[in-house]
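Okay, here's what each chain looks like letter by letter:
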Amino acid sequence: MDTDPDKNPLDKLPPILKKGLDKNLCTCNEVLKIDIINAIVNGADTVEEVQRQTYATDGIGCCERQVQRLIECLCAPETKK
């Protein structure tokens, strides 16, 4: 993940989505939220691609909506300030 504070991908997330980064987002396959975020930052821009890279959403799919929300936030176009 990019460590430049001006380009930190976590800055794109609302505060609620920044919580629990070191916790499993996908409990079926024990995939940490930060691992899902890293996959998205590194190019996984669909739930299917996140699944291929991390195995998240590959169980019963209860985390699919949360993964989709992370994709929406992290892949949103930059807005000029």
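A short tour of the structure in this document, coming up.

About the thresholds
Residues numbered from 1 in each chain as written. Predicted model: local features only at pLDDT ≥ 70, side-chain atom pairs only at ≥ 80, totals over all residues. Heavy atoms only, no water. Helix = DSSP H or I, 4+ residues; strand = E, 2+ residues; numbered from the N terminus. Buried < 20%, exposed > 50% of the residue type's maximum accessible area, 1.4 Å probe, protein only. Contact = heavy atoms within 4.5 Å. Areas by Shrake-Rupley, 256 points an atom, 1.4 Å probe, with all protein chains shown as cover. Core = buried A, V, L, I, M, F, W, Y, C linked by side-chain atoms within 4.5 Å. Salt bridge = Lys/Arg side-chain N within 4 Å of Asp/Glu carboxyl O.

### Observations concerning the overall build of the protein chain
Next, step 1: Of regular secondary structure, the protein chain possesses three helices and two strands.
Next, step 2: Ordered by position from the N terminus, the helices and strands of the protein chain form the series β-β-α-α-α.
Next, step 3: Here the protein chain holds 81 residues, and 30% of them are scored as buried.
Next, step 4: Of all intrachain contacts in the protein chain linking residues separated by at least 6 positions in sequence, the fraction that spans at least 24 positions is 49%.
Next, step 5: When the accessible area of the protein chain is evaluated, it comes to approximately 5500 Å², of which 48% is carbon and sulfur surface.

### Thoughts on unusual backbone geometry
Next, step 1: Backbone geometry places Glu30, a non-glycine residue, at a positive phi of 55°.
Next, step 2: In this fold, Glu30 is placed in the loop between β1 (24-26) and β2 (31-32).
Next, step 3: Positive phi values are uncommon outside glycine, yet Tyr55 reaches one of about 75°.
Next, step 4: Its location among the elements puts Tyr55 in the loop between α2 (47-54) and α3 (64-74).

### What about the nonpolar core?
Next, step 1: With 20 residues, the main nonpolar core has Leu13, Ile36, Ile40, Val50, Val67 and Leu70 as its most contacted residues.
Next, step 2: Where this core is concerned, the elements lending two or more residues are β1, α1 (33-41), α2 and α3.
Next, step 3: Of the residues forming this core, the biggest block, five residues, is contributed by α3.
Next, step 4: Setting aside chain neighbours within four positions, we find Ile40 in contact with Val50, Val67, Leu70, Ile71, Leu74 and Cys75.

### Observations regarding the pattern of salt bridges
Next, step 1: Under the defined criterion, the tally for this structure stands at two salt bridges.
Next, step 2: Put simply, Glu72 and Arg69 hold a salt bridge, and the shortest N to O gap is 3.6 Å. Note that Glu72 and Arg69 are positioned in helix α3 at a spacing of three residues, about one turn of the helix.
Next, step 3: Under the relative-accessibility criterion, Glu72 is labelled partly exposed at 43%.

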